[in-house]
Amino acid sequence: MTRGRFIALEGGEGAGKSTQARLLAAALVARGLDVVMTREPGGTPGAETIRGLLLGTGGEGWGPRAEALLFAAARADHVERLIRPAIAAGQWVVCDRFVDSSRAYQGGASGIGDAAILELHRIGSEGLLPDLTLLLEVPPALATERLSARDGEDADRIGGRGDAYHARVAAAFSRFADEEPRRFARIDAGSGAEEVHDRIMAAIEPLLTDA
Ligand code: T5A
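Residues numbered from 1 in each chain as written. Predicted model: local features only at pLDDT ≥ 70, side-chain atom pairs only at ≥ 80, totals over all residues. Heavy atoms only, no water.

Asker: Any chance you could explain helix α3 (residues 64-88) here in plain terms?
Answerer: Because each turn of an α-helix spans 3.6 residues, side chains separated by three or four positions in sequence point in the same direction. Here α3 spans 34 Å end to end across 25 residues, near enough to the 36 Å set by a 1.5 Å rise per residue. Along α3, the sharpest change in direction is near 50° and occurs at Val79. Gly90 occupies a position one or two residues after α3 and carries a positive phi of about 90°. (Helix = DSSP H or I, 4+ residues; strand = E, 2+ residues; numbered from the N terminus. Expected span 1.5 Å × (residues − 1). Bend = angle between axes of the 7 residues up to and from the residue.)

Asker: Can you help me understand empty space enclosed by the protein in this one?
Answerer: The method is simple in principle: a probe with the dimensions of a water molecule rolls over the atoms, and the space it marks as empty is what remains. Considering all chains together, one arrives at one cavity of 30 Å³ or more under this definition. Its volume calculated, the largest cavity comes out at about 40 Å³. Residue lining of the largest cavity: Ala68, Phe71, Ala72, Arg75, Ser102, Ile117, Leu120 and His121, and that is the complete set. Among the elements of the structure, α3 and α5 (114-125) are those that each provide at least two residues to the lining of the largest cavity. Sort the elements by how many residues they give to the lining of the largest cavity and α3 lands first, with four residues. (1 Å grid on protein atoms, 1.4 Å probe; cavity = no way out; pocket = protein on both sides within 12 Å on 5 of 7 lines; lining within 4 Å. Points joined across faces, edges and corners; volume = space filled by probe spheres on them.)

Asker: I keep staring at the sheet that holds strand β1 (residues 5-11) and nothing clicks. Help me out?
Answerer: Within a beta sheet, neighbouring strands are joined by backbone hydrogen bonds and run either parallel or antiparallel to one another. If you trace the five strands from one edge of the open sheet to the other, you get β2-β3-β1-β4-β5, paired in parallel fashion. If you trace the sheet from one side to the other, it starts and ends with β2 (35-39) and β5 (184-188), each paired once. With direction set aside, neighbouring strand axes in the sheet form an average angle of 20°. Inspection of the sheet shows β1 paired to strand β3 (residues 92-96) by five bridges, in the parallel sense. Residue pairing in the sheet places Arg5 in a bridge with Trp92 of β3. (Pairing = 2+ DSSP bridges. Axes fitted to C-alpha atoms, helices over the stretch in contact; angles between N-to-C directions.)

Asker: Would you mind showing me how to read unusual backbone geometry here?
Answerer: For residues besides glycine, phi is generally negative; the peptide bonds are generally trans as well. Cis geometry marks the peptide bond from Glu40 to Pro41; its omega dihedral reads -10°. Position of Pro41 among the secondary structure elements: in the loop between β2 and α2 (45-55). You will see that Glu126, though not glycine, has its phi angle at about 50°, which is positive. Residue placement: Glu126 occurs in the loop between α5 and β4 (132-137). Residue Glu126 is classed as exposed on the basis of its relative accessible area, which comes to 65%. (Buried < 20%, exposed > 50% of the residue type's maximum accessible area, 1.4 Å probe, protein only.)

Asker: Can you walk me through the site of the ligand in this structure?
Answerer: Close to the ligand lie 28 residues, the nearest being Lys17, Ser18, Thr19, Arg97 and Ser102. A distance of 2.9 Å separates an oxygen atom of the ligand from a polar atom in the side chain of Arg75. Between the ligand and Ser191, the relevant distance is 2.8 Å, taken from a nitrogen atom to a main-chain nitrogen or oxygen of the residue. For the ligand, whose accessible area on its own is 1000 Å², the fraction buried by protein is 83%. Among the secondary structure elements, those contributing two or more residues to the shell around the ligand are α1 (17-30), α2, α3, α4 (99-109) and α6 (140-151). With four residues, α4 is the single largest residue contributor to the shell around the ligand. (Near = heavy atom within 4 Å. Polar contact = N/O pair within 3.5 Å; in protein donor to acceptor, adjacent residues only side chain to side chain. Areas by Shrake-Rupley, 256 points an atom, 1.4 Å probe, with all protein chains shown as cover.)

Asker: What exactly am I supposed to notice about the nonpolar core here?
Answerer: One broad trend across soluble globular proteins is that nonpolar side chains are buried collectively. Counting residues in hydrophobic clusters, the biggest one holds 26 residues, and the most contacted among them are Leu24, Leu28, Trp92, Leu134, Leu136, Ile200 and Ile204. When contributions to this core are tallied by element, the ones reaching two or more residues are β1, α1, β3, β4, β5 and α8 (193-209). Counting residues per element, this core draws most heavily on α8, which supplies six residues. Residue contacts for Ile204: discarding those within four places in its chain leaves Ile7, Leu24, Leu28, Leu132 and Leu134. The next biggest cluster of nonpolar side chains, apart from the first, holds 19 residues, and it includes Ile50, Leu54, Ile158 and Tyr165. (Core = buried A, V, L, I, M, F, W, Y, C linked by side-chain atoms within 4.5 Å. Contact = heavy atoms within 4.5 Å.)

The following block contains the structure:
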């Protein structure tokens, strides 16, 4: 049995995470690996229910603390019921967002603080971290262009926050990558999907040779 691996894709809205998660999962399957593709918030029935509560635009929404707790609760279920069992079974888990999103959005942009988010993660998910976190970076104007081509004026509750909020998210991600260069790979995601995919495959090569 090959050793299970856990790869997360992170970045701001419209960076191309979902597109690249699909391409990466397909490339790993083509190499004969057993792959589970999943996402956050979500990935299990319970966490998908919490996703609806977090991202739906009805009602009055959540304060930053309640929001952080809901993300941590969704993640706890996802880790316990899907991610840890998959890794233990030797599968490669490709996850569209993980705890670094909570650190960047709730911890950084919403002001809850990094230490509090990491403590929630310790309690909820026993501090599980990916083997590799791919940080997809695009200039904000390009992300906006991609999203308006896809969604028009529609945005979910968090995606619809203003430019200043999303600039704080990007700054926080950038700081995490600087602080943990071994866990993060920064990916220039501003070119065509196949070119970005090639950069990702180069970044995961050490995991493949070590598998
Ligand atoms: N959140 C999440 C938190 O606040 N805290 C947390 O802990 C977690 C886990 C999730 C929201 O929740 C927040 C962050 C988010 O606001 P979501 O619907 O999952 O919401 O939103 P995102 O993860 O932001 O996903 P998006 O779909 O908006 O962006 P992606 O996945 O980065 O981009 P993707 O691949 O869907 O691409 C967007 C468009 O661009 C095109 C695609 O075809 C698509 O139309 N595209 C490209 N076009 C040209 N060149 C490329 N290279 C392209 N790549 C993609």
